[in-house]
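For reference, the chains in residue letters:
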Amino acid sequence: MKEVINILFAESDPGDAEIIWRQIENENIRFRKKLIDNREEYLETLKTQLPDIIISAYSLNGFNGLNALEIRNELAPRVPFILVTGKIDEIVAVDIMKAGADDYLMKKNLSRLGEAIKSAIRKKEILVEKENAEKKLRESEEKYRLLVDLSPDAILVHMWGKILFANPSTLRLLGTDTIENVKDIDLINFVHPDFRDHARERIKKIYDTGTPQSTEAKYINLKNEIIDVEVVGIPVKYMGKPAIQSIIRDITQRKRVEEELIKSKEKAEESDQLKTAFLHNISHEIRTPMNAIAGFSTLLEEPDLNPETVKSYLKIITDSSDQLLSIVNDIIEISNIEVGILKAFYNEINLNSELMMIYQQFRKKAVDKGIEFRLQTSLFGEDAEIEVDNTKMNQILSNLLSNAFKFTKDGKVTFGYELKNRHLEFFVSDTGIGILPDHFERIFERFIQVDNTVSRGYEGTGLGLSIAKAYVEFLGGKIWLTSESGKGSIFYFTLPYKSIKQQQLPQMETKDKNQPERRKSILIAEDDDNNFYLMKELLSDLNINIIRASNGAEAVNAFKSGKDIDLVLMDIKMPVMDGYEATRQILEEKPEAKILAQTAYADDEIKAMESGCMGFISKPFIKDRFVSLVKEYL
Ligand code: ADP
């Protein structure tokens, strides 16, 4: 209570008022008073300055105590009101108390007045305090509810599995939009079976120890979605009983990212290991032929060598450089595949003749190793005339055949094809060491060797099959194998069958069969003398006329001067005018001219085809391949 209280007296009898003041003073209450006796003043006072208490008589000028109380109720409900009256009227007293008076006293017995004032003021103070506290509570509850409602985490209260309260995020997480759908389901049923025992243990621990517990788990919701979650369970009292408030966070996305990171880390580590193994391997693979080339070249300098020995040394040197070249080619090719610059160059070929050439290349190896070697073809005549990227097809078959011979000590290697569902299904079978099914997929990956220790006794870089797979898939086919460890393997691959017969338009021109064949002419555009002589030498068995141009401009002039040229072998890098430009100008002069580019890089091949060349011959030249290609285009 304040030290000095403001009292509003409504009293029309000044004598009575005096008595009441005295009584209050006697009670040691310090106060300021305002005395009014009519309704207007009473109203005015309540509107302008609220007193701490109203003490009112019943009979007033123009109104009464009950009216005064009603006005108080309306204008100042928190101000205590005590009625002091001279008459005892039970009915009035009841009305007054019903209307909300804080006390009712008789003028002739004012001994209780001081106590009544103090208690009425105290009562109102408590009421105001209570109301304020409730207001604050309501506000903070409101804030809390807002936080809980808007929380992205699921917040729920449950008691032995039964959900008592759930925020909107809980419902979303559990795959519903109304609590009705989940309130009768034991919360444990939403936990993935693999995590249920652990979840039960945690819940028990919270009840037993009264300490919060956190864990990660998986949930399955009503939509059958599997969600990774992080759960914190806190012991709480709900309606006076022990319960658990759980905060559940959906960490599915985070888990996925973590898993991907782990996978890519493992992959990076694995590919690091593979690359180390590869480098180890490749240096061994390169060093072996390099040693042979360096060693036997030095030996060739020895005086008095007999021609037989020289020949055998030269053979070793040529074989070793072929081996080196094929390793370098593989490495270049795998990087081309990686950067995605593969291009297909289709040629019309006779499949059987092409395979025969491959057979010839490998026959010597078969004879040397004492292995039976067979080729099985299944198309005849025109049906075997197909359009295919033969360079890639040959490479695939060569890689498979090299492996077949490499991993076979004795027995038989067979290769060939069959026509199945408009696809050519090629096969290469051997009776070698075989491959365990576990490795069927993996061996097509880069650098993978079933046993990648150098001591395994087989040469190789682990690139052959990955190149073959990339080529096959690039050309629209698939590759697979069957194998039995210790018995042998069969590798299969398919390529779309494109028969020339079906594509050909009716021939407009027919050759006069009686006319003697004209001797054909090849223009070799090449600035390097050695290269020119090498090509001339390689073509010496063919009955053809060779013309030389030392740069692009000379090649163009040869056409401008009207020379009959059947084929051009065009070098790319030449002084005055390069091969691309020369090709363009020649084709302007003679659009039907056949030009093959001599290329050293995959990039050159693409550019050459773009500038109009019909095909290309890869450098360095391998005699059989070179001659057959030239024959094919002549
Ligand atoms: P490599 O240069 O090592 O031969 P490949 O990619 O051609 O590389 O082959 C990968 C691995 O697959 C080989 O190292 C070998 O372990 C296994 N492999 C391939 N072909 C055969 C086969 N015909 N018989 C047994 N194992 C084979």
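Coordinates for the structure precede this section.
Everything quoted here is computed from the prediction, not taken from an experiment. (Residues numbered from 1 in each chain as written. Predicted model: local features only at pLDDT ≥ 70, side-chain atom pairs only at ≥ 80, totals over all residues. Heavy atoms only, no water.)

Requested: an account of the overall build of the chain, with residues and values cited.
Secondary structure assignment for the chain yields 18 helices and 22 strands. Taken over C-alpha atoms, the radius of gyration comes to 52 Å for the chain, far larger than the 26 Å a tight globule of 634 residues would show. Principal-axis analysis of the C-alpha atoms places the extent of the chain at approximately 160 × 60 × 55 Å. In the chain, buried positions account for 42% of the 634 residues. Put simply, of all contacts in the chain between residues at least 6 apart along the chain, 64% involve residues at least 24 apart. Counting only carbon and sulfur atoms, one obtains 52% of the accessible surface of the chain, whose full area is about 36000 Å². (Helix = DSSP H or I, 4+ residues; strand = E, 2+ residues; numbered from the N terminus. Rg over C-alpha atoms; globule rule 2.2 N^0.38 Å. Buried < 20%, exposed > 50% of the residue type's maximum accessible area, 1.4 Å probe, protein only. Contact = heavy atoms within 4.5 Å. Areas by Shrake-Rupley, 256 points an atom, 1.4 Å probe, with all protein chains shown as cover.)

How would you sum up the packing of aromatic side chains? Please name residues and give values.
This structure, assessed with the given rule, holds 15 aromatic pairs. Plain terms: the ring middles of phenylalanine 373 and phenylalanine 415 are 5.6 Å apart, the flat faces sit at 15° to each other, and that makes the pair stacked. One end of the pair, phenylalanine 373, is in strand 12 (residues 372-376); the other, phenylalanine 415, is in strand 14 (residues 412-420), with 42 residues separating them in the sequence. Note on phenylalanine 444 and phenylalanine 491: the rings are 6.3 Å apart at their centroids and 75° apart in plane angle, and the pair reads as edge-to-face. In this pair, phenylalanine 444 sits in the loop between strand 15 (423-430) and helix 12 (464-474) while phenylalanine 491 sits in strand 17 (residues 488-496), placing the two residues 47 residues apart along the sequence. (Phe/Tyr/Trp six-rings, centres within 6.5 Å; stacked < 30°, edge-to-face > 60°.)

Describe the site of the ligand, naming the residues involved and giving the relevant values.
In the vicinity of the ligand there are 20 residues, among which Asn403, Lys406, Gln449, Thr461 and Leu465 approach most closely. Contact between the ligand and asparagine 403: an oxygen atom at 2.8 Å from a side-chain N or O atom of the residue. Between the ligand and the protein, one listed contact pairs a nitrogen atom with a side-chain N or O atom of aspartate 430 at 2.9 Å. For the ligand, whose accessible area on its own is 530 Å², the fraction buried by protein is 97%. (Near = heavy atom within 4 Å. Polar contact = N/O pair within 3.5 Å; in protein donor to acceptor, adjacent residues only side chain to side chain.)

How would you summarise the packing of helix 8 (residues 252-300) against helix 9 (residues 307-339) if you had to cite specific residues and measurements?
One can describe the packing of helix 8 onto helix 9 by two numbers: an axis separation of 9 Å at closest approach and a directional angle of 155°. The orientation of helix 8 with respect to helix 9, classified from their angle, is roughly antiparallel. Helix 9 is crossed by helix 8, and the crossing has left-handed handedness. Of helix 9, the residues touching helix 8 (which contributes Phe278, Ile282, Glu285, Ile286, Pro289, Met290, Ala292, Ile293, Phe296, Ser297, Leu299 and Leu300) are Val310, Tyr313, Leu314, Ile316, Ile317, Ser320, Ser321, Gln323, Leu324, Ile327 and Ile331. Split into classes, the residues belonging to the contact of helix 8 with helix 9 amount to 18 nonpolar, 4 polar and 1 charged. (Axes fitted to C-alpha atoms, helices over the stretch in contact; angles between N-to-C directions. Parallel < 35°, antiparallel > 145°, perpendicular 65-115°, else oblique. Left-handed = near helix turned anticlockwise from the far one by under 90°. Nonpolar A, V, L, I, M, F, W, Y, C, P; charged D, E, K, R; others polar.)

Can you lay out the pairing of strand 8 (residues 213-220) for me, pointing to particular residues and giving the numbers?
A regular strand carries its side chains on alternate faces of the sheet. Only one face of strand 8 is buried: it carries Gln213, Thr215, Ala217 and Tyr219, and the other face, with Ser214, Glu216, Lys218 and Ile220, is open. Alignment of strand 8 against strand 9 (residues 226-238), held across 8 bridges, turns out to be antiparallel. Counterpart to alanine 217 in the pairing with strand 9 is valine 229. A loop of 5 residues connects strand 8 with strand 9, the two strands running antiparallel in sequence, and asparagine 224 in this loop sits at a positive phi of about 65°. (Pairing = 2+ DSSP bridges.)

I'd love a proper account of the pattern of salt bridges, names of residues and values included.
Taken as a whole and assessed by the stated rule, the structure comprises 34 salt bridges. Here aspartate 103 ties to arginine 112 by a salt bridge, and the two come within 3.3 Å at their closest N and O atoms. Residue classification places arginine 112 among the partly exposed positions, given a relative accessible area of 42%. Here glutamate 425 and lysine 420 are joined by a salt bridge, their closest N and O atoms 3.2 Å apart. Given a relative accessible area of 36%, lysine 420 falls into the partly exposed group. Residues joined in a network through salt bridges with shared partners are Glu216, Glu230, Arg254, Lys255 and Glu258. (Salt bridge = Lys/Arg side-chain N within 4 Å of Asp/Glu carboxyl O.)

Tell me about the sheet that holds strand 9, and please be specific about residues and values.
The strand order across the open sheet built from 5 strands is 7-6-10-9-8, with neighbouring strands paired in antiparallel fashion. The open sheet has two edge strands, strand 7 (162-166) and strand 8, and neither has a second partner. Each strand axis lies, on average, 35° off the axis of its neighbour in the sheet, ignoring direction. Of the pairings in the sheet, the one linking strand 9 to strand 10 (residues 241-250) comprises 10 bridges and is antiparallel in character. Counterpart to proline 235 in the pairing with strand 10 is isoleucine 244. Packed onto the sheet, helix 7 (residues 196-209) meets strand 6 (154-159), strand 8, strand 9 and strand 10 and runs at close to 145° relative to strand 8.

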